[in-house]
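Next come the chains, spelled out residue by residue.
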Amino acid sequence: MIEPRLASHIIVSALIRTAEAQNAFAVVLRKGDRTAGSILLLRREKGQNPTLFERFPSIDGSPVWSEVTIEDAEKEQKISEYLERRVVRDPDIWILELDVPFEQRFTDIVTALN
């Protein structure tokens, strides 16, 4: 049986509102399909240390945010290239950037939606 899930634009909106409530900054870098687009999160801590996350179903079916492995050397450039490739393969994808004051704040934001 297929479990119902929230539309992508609702998840993105909730992430933005939760980030703002947690004194973080959030911006949509790319809008995807309103209903079923995948969502990528680019996390920065005080504008530094970019890290990319994608939402996947876990073994029990609940969503979990997993870090996308990107090499540290020239990480900013590697992330940009990765995002460009993903958009070509999946034009329905959403890309959201969250700038948080510290890593735990990011965890608080994404776990608030589960």
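Let me sum up the structure you'll find in this document.

**A few points about helix α1 (residues 8-21)**
Now for step 1: The terminal C-alpha atoms of α1, which comprises 14 residues, lie 20 Å apart, in line with the 20 Å expected from a rise of 1.5 Å per residue.
Now for step 2: Residues of α1 that are buried include every one of Ser 8, Ile 11, Val 12, Leu 15, Ile 16, Thr 18 and Ala 19, and no others. Taken end-on, α1 shows its buried residues confined to a sector of 165°, consistent with a single buried face. Opposite the packed face of α1, turned more than 90 degrees from it, sit the exposed residues Arg 17 and Ala 21.
Now for step 3: The elements touched by buried residues of α1 are β1 (25-30), β2 (39-45), β3 (48-57), β4 (63-68), β5 (94-100) and α3 (103-111).

**Some remarks on the side chain of Thr 18**
Now for step 1: In this fold, Thr 18 is placed in helix α1.
Now for step 2: With a relative accessible area of 17%, Thr 18 lands in the buried category.
Now for step 3: A distance of 2.7 Å separates a polar atom in the side chain of Thr 18 from the backbone oxygen of Ala 14.
Now for step 4: Those residues in contact with Thr 18 that sit more than four places away from it in its chain are Ile 109, Ala 112 and Leu 113.

**Details of the packing of aromatic side chains**
Now for step 1: This model, assessed by the stated rule, comprises 1 aromatic pair.
Now for step 2: With centroids separated by 4.7 Å and ring planes inclined at 35°, the aromatic side chains of Phe 53 and Phe 106 adopt a geometry described as tilted. Of this pair, Phe 53 sits in strand β3 while Phe 106 sits in helix α3, placing them 53 residues apart in sequence.
Now for step 3: Above the face of the Phe 106 ring, Arg 43 is positioned so that its terminal group lies 5.2 Å from the ring centre.

**A word on the layout of surface pockets**
Now for step 1: Approximately 470 Å³ is the volume found for the largest pocket.
Now for step 2: Of all the secondary structure elements, the ones that give two or more residues to the lining of the largest pocket are α1 and β3.
Now for step 3: The element best represented in the lining of the largest pocket is β3, accounting for 4 residues.
Now for step 4: When its residues are assigned to classes, the lining of the largest pocket shows 10 nonpolar, 6 polar and 4 charged.

**Here we look at the sheet that holds β2**
Now for step 1: Taken together, the 5 strands give an open sheet; going across it, the order is β1-β5-β2-β3-β4, and neighbouring strands pair in mixed fashion. Either end of the sheet is taken by a strand with one partner, and the two such strands are β1 and β4. This sheet shows a mean twist of 30° between the axes of neighbouring strands, independent of strand direction.
Now for step 2: Summarising the sheet, β2 and β5 pair through 7 bridges and their orientation is parallel. Note that in β5 the partner of Leu 40 across the bridge is Ile 95.

**Quick word on the side chain of Lys 75**
Now for step 1: By the element assignment, Lys 75 lies in helix α2 (residues 75-89).
Now for step 2: Within polar-contact distance, the side chain of Lys 75 engages the backbone oxygen of Pro 50 at 3.4 Å.
Now for step 3: Among all residues touching Lys 75, those that are not within four sequence positions of it are Pro 50, Thr 51 and Ile 70.

What counts and what doesn't
Residues numbered from 1 in each chain as written. Predicted model: local features only at pLDDT ≥ 70, side-chain atom pairs only at ≥ 80, totals over all residues. Heavy atoms only, no water. Helix = DSSP H or I, 4+ residues; strand = E, 2+ residues; numbered from the N terminus. Expected span 1.5 Å × (residues − 1). Buried < 20%, exposed > 50% of the residue type's maximum accessible area, 1.4 Å probe, protein only. Arc of directions from axis to C-beta. Contact = heavy atoms within 4.5 Å. Polar contact = N/O pair within 3.5 Å; in protein donor to acceptor, adjacent residues only side chain to side chain. Phe/Tyr/Trp six-rings, centres within 6.5 Å; stacked < 30°, edge-to-face > 60°. Lys NZ or Arg CZ within 6 Å of the ring centre and 35° of its normal. 1 Å grid on protein atoms, 1.4 Å probe; cavity = no way out; pocket = protein on both sides within 12 Å on 5 of 7 lines; lining within 4 Å. Points joined across faces, edges and corners; volume = space filled by probe spheres on them. Nonpolar A, V, L, I, M, F, W, Y, C, P; charged D, E, K, R; others polar. Pairing = 2+ DSSP bridges. Axes fitted to C-alpha atoms, helices over the stretch in contact; angles between N-to-C directions.

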